[in-house]
Amino acid sequence: MGTKEVIITVESIKPKFFEKLIQNILKLTAGTTILVLFLIFFFLLKEGYGIFSYVSLRDFILGTQWLPETTPPKFGALPLIKGSLYVTVGATLIAVPIGISVAVFLAEAAPPMLREVLKAVIELLAGIPSVVYGFLGLTILAPFIKELFNLSSALCAFTASIVLALMSLPTIVSISEDVLTTVPKEYREASLALGATKWETTLKIVIPAARTGLIAAAMLGIGRAIGETMAVLMVAGNAVMLPHSFFDPVRTITANIAAEMGETVHGGLHYQALFGLGIVLFVITFIINFLTNILAADKLGMKRGRYL
Amino acid sequence: MGFRKTCLRKLLAAALLVGVLFMMGGCGGNEEEKASSSNEEKEYSGNLQVNGSTTVAPIAQAWAEEFMKKYPESKIVVTGTGSGDGIAALINGTADIAMASREMKEEEKKQFKGEKPKEFFIGTDALSVIVHPKNPIKSLTLEQLKDIYTGKITNWKELGGNDAEIIVYSRDSSSGTYEFFKEFVLEGEEYTPDARRAPSNSAVVQSVAQEENAIGYIGLSFLNENVKGLALSINGKELVEPSFETAASGKYPLVRKLYMYTVGDPEGLAKAFLEFGLSKDGQEIVKKVGYIPAVE
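Residues numbered from 1 in each chain as written. Chains lettered and ligands numbered in written order. Predicted model: local features only at pLDDT ≥ 70, side-chain atom pairs only at ≥ 80, totals over all residues. Heavy atoms only, no water.

Things to note about the overall build of chain A
Scanning chain A from N- to C-terminus turns up 15 helices and two strands. Considering only C-alpha atoms, chain A reaches an extent of 75 × 55 × 35 Å along its principal axes. For chain A, contacts bridging at least 24 residues in sequence account for 69% of all contacts bridging at least 6. Accessible surface, chain A as shown: approximately 16,200 Å² in total, 73% of it carbon and sulfur. When the 23 basic and 20 acidic side-chain charges of chain A are each reduced to a single mean position, those positions are 7 Å apart. (Helix = DSSP H or I, 4+ residues; strand = E, 2+ residues; numbered from the N terminus. Contact = heavy atoms within 4.5 Å. Areas by Shrake-Rupley, 256 points an atom, 1.4 Å probe, with all protein chains shown as cover. Lys, Arg positive; Asp, Glu negative; His and termini not counted. Charge placed at Lys NZ, Arg CZ, Asp CG, Glu CD.)

Considering unusual backbone geometry
Of note in this structure, N150 of chain A is not a glycine but carries a positive phi near 55 degrees. Here N150 of chain A shows up in the loop between α7 (130–149) and α8 (157–181). Although it is not a glycine, E187 of chain B sits at a positive phi angle of roughly 50 degrees. Relative to the assigned elements, E187 of chain B resides in the loop between α6 (176–184) and β7 (196–198).

Some thoughts on the domain arrangement of chain A
Residue and element names in this part refer to chain A. Partitioning chain A into domains gives domain 1 (2–53) and domain 2 (61–307). Domain 1 and domain 2 are separated by 30 Å when their C-alpha centres are compared. Counting from both sides, the interface comprises ten residues of domain 1 and, opposite them, ten residues of domain 2. Of the roughly 930 Å² buried at the junction of domain 1 and domain 2 (both faces included), carbon and sulfur atoms supply 84%. Per-residue buried area on domain 1 facing domain 2 is highest for L44, E47 and I51; these three make up 55% of the total on that side. For the pair domain 1 and domain 2, the number of links is zero salt bridges. Of all elements in the fold, only α2 (13–48) and α3 (51–54) reach the threshold of two or more residues within the side of domain 1 that touches domain 2. Counting residues per element, the side of domain 1 that touches domain 2 draws most heavily on α2, which supplies seven residues. (Domains from an automatic or database assignment. Buried area = accessible area lost by both parts, 1.4 Å probe. Salt bridge = Lys/Arg side-chain N within 4 Å of Asp/Glu carboxyl O.)

Some details on a nonpolar patch on the surface
On the surface, a nonpolar cluster with roughly 670 Å² of combined accessible area is contributed by V89, L93, F144, L148, F149, F246 and F247 of chain A. If you list the elements that add at least two residues to the nonpolar patch, you get α5 (78–109) and α7 of chain A. (Patch = residues over 30% accessible without salt bridge, like charges linked within 9 Å, V, L, I, M, F, W, Y side chains within 5 Å.)

Re the confidence of the model for chain A
All names here are of chain A. Chain-level pLDDT for chain A is 86 on average; 91% of the residues reach the 70-or-more range. Here helix α15 (residues 299–303) is the element of chain A with the lowest mean pLDDT, 47, and α5 is the one with the highest, 93. Low pLDDT, under 50, characterises residues 304–308; the stretch is placed with ten contacts to residues that sit more than four places away or in other chains. (pLDDT = per-residue confidence, 0-100.)

Structural notes on the pattern of salt bridges
Residue and element names in this part refer to chain B. If you walk through the whole model with that rule in mind, you get 21 salt bridges over all chains. As a salt-bridge pair, R102 and E108 come within 3.0 Å of each other at their nearest N and O atoms. The pair formed by R102 and E108 is uniform in burial state, with each residue classed as buried. For E189, the salt bridge is made with K146, and the minimal N-O distance between the two is 3.0 Å. Pair noted here: E189 is in the loop between α6 and β7 and K146 is in helix α5 (residues 142–150), with a separation of 43 residues, a long-range link. (Buried < 20%, exposed > 50% of the residue type's maximum accessible area, 1.4 Å probe, protein only.)

A look at the interface of chain A and chain B
Listed as interface residues are 33 residues of chain A and, on the opposing side, 33 residues of chain B. Across the chain A/chain B interface, buried area totals approximately 2,900 Å², and carbon plus sulfur atoms make up 50% of it. Our count for the chain A to chain B interface comes out at three salt bridges. Linking K146 of chain A and E212 of chain B is a salt bridge whose minimum nitrogen-to-oxygen distance equals 3.7 Å. The interface formed by chain A and chain B includes six residue pairs in polar contact (both at pLDDT 80 or more). Elements supplying a minimum of two residues to the side of chain A that touches chain B: β1 (66–67), α6 (112–125), α7 and α13 (253–261) of chain A. (Polar contact = N/O pair within 3.5 Å; in protein donor to acceptor, adjacent residues only side chain to side chain.)

A short note on the layout of surface pockets
Roughly 570 Å³ of volume is contained in the largest pocket. For the largest pocket, the lining is made up of 26 residues, of which L233 of chain A together with A198, P199, S200 and A203 of chain B are closest to its centre. Of all the secondary-structure elements, those providing two or more residues to the lining of the largest pocket are α12 (230–235) and α13 of chain A together with β7 and α7 (201–210) of chain B. The greatest single-element share of the lining of the largest pocket, amounting to four residues, is contributed by α7 of chain B. Considering only residue class, the lining of the largest pocket consists of twelve nonpolar, eleven polar and three charged. There is about 450 Å³ of room inside the second largest pocket. Forming the walls of the second largest pocket are 25 residues, and the residues nearest its centre are P68, E69 and H270 of chain A together with E107 and Q111 of chain B. (1 Å grid on protein atoms, 1.4 Å probe; cavity = no way out; pocket = protein on both sides within 12 Å on 5 of 7 lines; lining within 4 Å. Points joined across faces, edges and corners; volume = space filled by probe spheres on them. Nonpolar A, V, L, I, M, F, W, Y, C, P; charged D, E, K, R; others polar.)

Structure representation (structure tokens):
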């Protein structure tokens with residue numbers, strides 16, 4: 001693409017050399033990304049594998065007691081894993097329907113001016129530091145939820161889910177809207193020409209056509225939610241117990257790593273256990289990404305989804 | 001077209017963000033200036049990292065302020081994250097002085113590769129058990145307190161209070177207060193898993209002030225009018241209100257010693273800082289920020 005124009009304006013040898021150079025630079029950058037990923041995984045394994053000679057993998061994942069300070073210390077991560085899952089599932093259930101609805105409104109129904117303003121504002125939301133979300137959750141949302149549901153304490157998985165949902169909304173809305181606007185105009189025109197209403201076209205043509213991209217958007221939102229630390233640490237209640245309902249206080253994997261990393265000695269058992277948690281988290285996000293790829297791998301997805 | 005649009009959008013978003021930042025900057029500007037001006041002069045390589053207990057941090061902070069007034073070339077950074085954190089930082093070599101609201105454990109001492117740690121007793125703190133001001137409960141025995149924190153008692157009704165579930169606040173496991181409470185009140189037993197872990201003394205105060213059925217424990221100096229400190233009794237003896245007088249006289253049961261640790265004998269700035277802290281002036285400061293001095 002465009003090579004011909006370049007040849008006309010610049011001397012004939014230079015473009016080839018120049019293109020090669022750019023190509024190699026890009027290859028190098030791409031290679032570095034992959035290398036960094038592998039190094040991260042390698043480092044996680046190196047620092048964390050030691051814990052599995054102290055507790056078996058099974059006991060680490062299914063154990064229900066996380067007591068790093070007792071003698072002998074116990075490292076059962078199930079309360080933390082379940083805590084992370086509760087909070088993430090809650091956030092997903094709230095954020096995905098709202099996020100996609102907003103995106104559909106922006107892409108299909110909103111007047112152009114309003115769309116520009118709203119998109120800018122939503123993208124701004126993504127720039128707010130997570131600790132600010134946590135702070136607002138703690139001082140404004142928590143008292144409100146406490147009143148609303150008549151709870152004795154509002155610092156629980158539910159409140160954390162709402163805060164996380166708010167935080168992952170910009171990601172979901174922004175990507176979904178991009179995906180919806182890339183659905184070819186011809187699809188809409190054909191549908192409208194056949195007598196379908198605007199609503200029918202949106203629901204039965206545009207959304208199915210953009211399905212894989214929307215799934216990818218949702219998954220990226222989930223990724224944002226599961227990896228969030230600071231806000232959850234502030235509003236989730238922080239009890240290392242097995243949660244039974246959304247109104248139980250929970251502690252997530254990330255929050256636990258953040259809260260306990262400072263007190264560990266490099267290379268110690270507790271340190272290794274926290275890296276073990278890091279491996280678990282890595283595997284969970286890996287599975288989510290993997291599922292996204294599978295779900296987004298049909299024909300349309302090959303066209304659009306993979307660019308996300 | 002599309003590209004230009006997203007560009008425009010991004011620009012708009014960036015402009016908004018910058019605007020907001022400016023507004024926030026306007027509010028917080030003064031403090032930042034103050035902070036940087038006090039940190040400016042540092043010709044003399046006086047840089048001291050003090051890390052550890054959030055209970056001891058107010059003492060260290062007050063010492064550091066006085067000390068830096070006296071020696072403006074020195075720079076002392078006090079970080080309060082928990083006794084375990086401070087000791088780990090001392091072992092890892094990222095702190096010069098560790099603050100702790102408990103004694104260093106044998107296992108921790110073993111982890112020092114080279115020189116052994118040196119202990120400085122700097123003051124005493126009383127622990128106050130707090131509830132919401134509206135809670136009708138006014139006192140507890142240590143046995144009741146233990147039952148609450150191990151999960152045997154879960155409703156205020158069982159203690160003669162309202163029919164409501166007890167929301168138990170504990171501290172993070174890195175906290176010296178957490179360890180002391182576990183040793184002294186729980187007699188080594190485990191906390192109930194329902195206990196919520198708060199990252200600092202002030203976080204406990206904040207949570208208990210907001211929740212009518214909560215209970216928590218804090219260093220006495222953090223006690224304020226938003227929460228109610230409970231009177232305690234030990235072994236069926238008379239009830240004692242938490243205060244400096246009762247703690248200093250030894251009547252109040254929940255007291256613990258506060259320490260600072262260095263690797264080997266302290267030198268230079270660390271030495272000067274600790275000497276200042278243990279001097280008459282330094283101990284006067286301990287009293288002023290709400291603790292009981294180590295040396296009268």
